[in-house]
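As a plain string of letters, each chain reads:
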Amino acid sequence: MSTDAPRPPLSRRRLLGAAGAGGAAGLALGAGGYALVGQRSAPAAAAAPALGAASVPFHGPHQAGIVEPMQSALHATAFDLTPGTGRPGLTALMKRWSAAAAAMAEGRTPPGLSDDQVALDAGPSSLTVTFGFGAPVFAKAGLTAQQPDRLAPLPAFPEDRLDRARSDGDLWVQVCADDPLVAFHAMRTLQRLAAGQAAPRWQMTGFSRAPGATARPMTGRNLMGQIDGTNNPKPSDADFASRVFVPAAPASGQPAWMAGGSYAVFRRIRMLLDTWDLQSREVQERTIGRRKGDGAPLSGGTETTPVDLAKQNPDGSLAVPGDAHVRVAAPASNQGAAMLRRGYSYHDGLRPDGSPDAGLLFVCFQADPLTGFVPVQRKLARGDALSRFVVHESSGLYAVPGGAPAGGYVGQALLESA
Ligand SMILES: C=CC1=C(C)c2cc3[nH]c(cc4nc(cc5[nH]c(cc1n2)c(C)c5CCC(=O)O)C(CCC(=O)O)=C4C)c(C)c3C=C
Ligand SMILES: [Fe+2]
């Protein structure tokens with residue numbers, strides 16, 4: 001599932017145009033959060049094409065990696081604090097991680113480590129790093145009074161087949177970039193910087209379509225072949241911010257340190273692709289409620305035409321079937337519940353039975369999981385035609401603090417609260 005709607009066309013063209021004119025370095029674009037910056041080294045600056053030179057600022061009111069167009073590579077890692085790492089250790093870690101993420105987002109070598117040089121020749125490639133806190137970290141850091149009640153464990157959904165060793169975790173780190181080596185380097189650097197204070201609990205790798213792969217910007221496809229991400233909330237929607245970000249306290253009813261933050265739900269959802277591929281095109285389309293080729297709703301129109309859930313076929317049946325995924329998941333079917341989906345495909349080879357170990361690393365962000373993911377997944381688990389073709393294998397819910405101002409670090413308002 002992707003929010004592909006990739007780079008805004010204008011900035012994309014300007015990026016490529018600037019590179020073509022040889023004037024990439026130092027040009028601020030001011031659209032979609034992307035800019036071109038100075039490079040890691042002079043030779044790299046001379047050689048880096050626009051894609052590698054594009055950067056997303058680490059500092060800002062919200063963390064990067066939420067509203068920006070999806071990059072092509074993802075590493076998601078959960079860490080557990082090592083025994084004895086209390087609040088001071090966690091504070092030191094978040095300072096180190098934030099400084100490293102800010103540097104790498106500008107294509108600079110992170111402070112405090114000898115660089116492994118994996119990303120040496122590349123620019124920042126739109127690297128974003130997003131940090132989240134899992135529920136257990138609050139007790140471990142002596143911060144239970146500051147734990148949001150929204151961070152209560154997700155309910156058990158029928159048909160979940162969760163592997164607890166690949167679920168949850170004290171800290172969650174999402175690394176995205178348009179170059180796989182840049183993404184690996186960032187993930188590996190953060191892991192090395194955590195040594196002694198936090199150890200990886202699980203790590204997963206995802207991918208999306210490479211920028212420039214299509215003749216024009218298009219919504220991405222998932223491994224079932226569907227156009228996925230069409231009906232995501234858009235930053236231009238009037239209610240976008242209130243759906244995705246936590247407002248300031250006390251109006252939010254949430255701890256003050258969560259202002260500008262969000263909640264991330266992460267689910268590893270395996271697709272039963274061998275079974276899916278045996279289905280007719282008609283069954284596949286009725287399962288989702290949209291045409292496979294162009295993503296148009298079965299109620300008619302084009303990909304971007306609003307879904308008409310009331311539309312009937314000439315025989316009186318619903319054009320979008322009663323159990324179609326888009327009907328069951330729609331805000332209109334869930335008292336307005338909505339979330340910003342930003343998931344990546346994964347493929348980890350074959351399972352023992354020879355079937356592909358592949359699917360969707362589902363990531364969604366919302367201001368409140370109790371009015372976002374939870375009611376929607378509750379409904380999907382009961383009546384979604386897609387359930388026959390997917391298995392939920394791991395799960396996590398994380399509080400994603402607001403962004404850090406220049407000179408600050410992510411989680412500062414929590415970790416320096418009284
Ligand atoms: C609980 C939330 C959701 C899960 C889990 C989920 C899994 C999942 N979805 C697809 C494929 C598609 N989903 C689409 C739309 C869509 N999905 C959700 C929520 C979850 N999906 C929502 C809220 C919506 C939007 C509904 C609407 O308002 O119309 C689509 C259609 C295109 C689109 O709008 O993005 C596809 C395709 C898969 C394959 C999957 C698990 C593997
Ligand atoms: Fe979906």
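Cut-off values and rules
Residues numbered from 1 in each chain as written. Chains lettered and ligands numbered in written order. Predicted model: local features only at pLDDT ≥ 70, side-chain atom pairs only at ≥ 80, totals over all residues. Heavy atoms only, no water. UniProt positions renumbered as here; feature names shortened; annotations may be inferred. Helix = DSSP H or I, 4+ residues; strand = E, 2+ residues; numbered from the N terminus. Buried < 20%, exposed > 50% of the residue type's maximum accessible area, 1.4 Å probe, protein only. Arc of directions from axis to C-beta. Contact = heavy atoms within 4.5 Å. Core = buried A, V, L, I, M, F, W, Y, C linked by side-chain atoms within 4.5 Å. Domains from an automatic or database assignment. Near = heavy atom within 4 Å. Polar contact = N/O pair within 3.5 Å; in protein donor to acceptor, adjacent residues only side chain to side chain. Areas by Shrake-Rupley, 256 points an atom, 1.4 Å probe, with all protein chains shown as cover. Nonpolar A, V, L, I, M, F, W, Y, C, P; charged D, E, K, R; others polar. Lys, Arg positive; Asp, Glu negative; His and termini not counted. Salt bridge = Lys/Arg side-chain N within 4 Å of Asp/Glu carboxyl O. Phe/Tyr/Trp six-rings, centres within 6.5 Å; stacked < 30°, edge-to-face > 60°. Pairing = 2+ DSSP bridges.

1. Description of the UniProt feature "domain: Dyp-type peroxidase C-terminal" (unreviewed entry) in the protein chain
- The sites that UniProt annotates as "domain: Dyp-type peroxidase C-terminal" (unreviewed entry) are residues 220-403.
- The span residues 220-403 is 18% helix and 22% strand, and its two end C-alpha atoms sit 27 Å from each other.

2. Notes on helix α11 (residues 373-383)
- Residues of α11 that are buried include every one of Phe373, Val374, Val376, Gln377, Leu380 and Ala381, and no others. Axial view of α11: buried residues confined to an arc of 165 degrees, hence all on one face.
- Residues of α11 that are buried in the fold lie against β8 (262-271), α10 (325-329), β11 (356-366) and β12 (390-400).

3. Concerning the nonpolar core
- Within the largest apolar cluster, 74 residues are counted, with the highest numbers of intra-cluster contacts made by Met94, Trp97, Phe131, Leu171, Val175 and Phe373.
- Looking at which element gives the most residues to this core, the answer is helix α4 (residues 87-105), with 9 residues.
- Here this core spans two domains, and each of domain 1 (12-261 + 403-415) and domain 2 (273-396) adds at least three residues to it.
- In this structure phenylalanine 131 touches Phe58, Gln63, Met94, Trp97, Ser98, Ala101, Trp172, Val173, Ala399, Val400, Pro401 and Val410, once residues within four positions along its chain are discounted.
- One finds Trp172, Phe245, Ala264 and Leu361 within the second-largest nonpolar core, a separate group that totals 22 residues.

4. Some words on the site of ligand 1
- Near ligand 1 there are 29 residues, and of these Gly229, Thr230, Asn231, His325 and Arg341 occur at the shortest range.
- Contacts to ligand 1 include threonine 230, whose backbone N or O atom sits 3.1 Å from an oxygen atom.
- Look at ligand 1: alone it shows 780 Å² of surface, and the protein chains cover 97% of it.
- Split into classes, the residues belonging to the shell around ligand 1 amount to 18 nonpolar, 8 polar and 3 charged.

5. Focus on the side chain of arginine 327
- Relative to the assigned elements, arginine 327 resides in helix α10.
- Of the side chains with opposite charge, aspartate 308 lies nearest to the buried arginine 327, which makes no salt bridge, at 7.5 Å.
- At 2.7 Å, the side chain of arginine 327 forms a polar contact with the backbone oxygen of leucine 309.
- The contacts of arginine 327, once residues within four sequence positions are left out, are Leu309, Leu318, Val320, Pro321, Gly322 and Ser333.

6. Some details on the packing of aromatic side chains
- Counted according to the given criterion, the structure contains 12 aromatic pairs.
- Ring geometry for phenylalanine 138 against tryptophan 257: centres 5.8 Å apart, planes inclined by 40 degrees, an arrangement best described as tilted. On the criterion of sequence distance, the pair formed by phenylalanine 138 in helix α5 (residues 136-140) and tryptophan 257 in the loop between α7 (240-244) and β8 is long-range, its members being 119 residues apart.
- Taken together through their ring pairs, the aromatic side chains of Trp172, Trp202, Phe266, Phe365 and Tyr398 make up a single cluster.

7. Quick look at the domain arrangement of the protein chain
- Split into domains, the protein chain comes out as domain 1 (12-261 + 403-415) and domain 2 (273-396).
- Listed by partner, the interface residues are 51 residues for domain 1 and 46 residues for domain 2.
- Inspection of the domain 1/domain 2 interface yields 3 salt bridges.
- Notably, a salt bridge pairs arginine 150 with aspartate 368, separated by 2.9 Å at the nearest N-O pair.
- Seen at the junction of domain 1 and domain 2, the total is 24 residue pairs in polar contact (both at pLDDT 80 or more).
- Mapped onto the side of domain 1 that touches domain 2, the elements with two or more residues apiece are β4 (73-81), β6 (171-177), β7 (198-207) and α7.

8. Describing the pairing of β6
- Counting buried positions along β6 yields 7 of 7 residues, so the element is predominantly enclosed.
- Judged by which residues are buried, β6 turns out to be covered on both faces: Leu171, Val173, Val175 and Ala177 on one side and Trp172, Gln174 and Cys176 on the other are all buried.
- Where β4 meets β6, 7 bridges bridge the pair, whose relative direction is antiparallel. Bridging across to β6, leucine 74 finds its partner in cysteine 176.
- In this sheet, β6 lies alongside strand β5 (residues 128-134) in antiparallel orientation, the contact comprising 6 bridges. The partner of phenylalanine 133 across the bridge, within β6, is leucine 171.

9. As for the environment of leucine 193
- Mapped onto the fold, leucine 193 is located in helix α6 (residues 180-193).
- Note: C-alpha distance between leucine 193 and arginine 388 (195 residues apart in sequence) is 42 Å.
- Excluding residues that lie within four positions of it along the chain, leucine 193 makes contacts with Leu93, Arg96, Trp97, Ala100, Pro111, Gly112 and Leu113.

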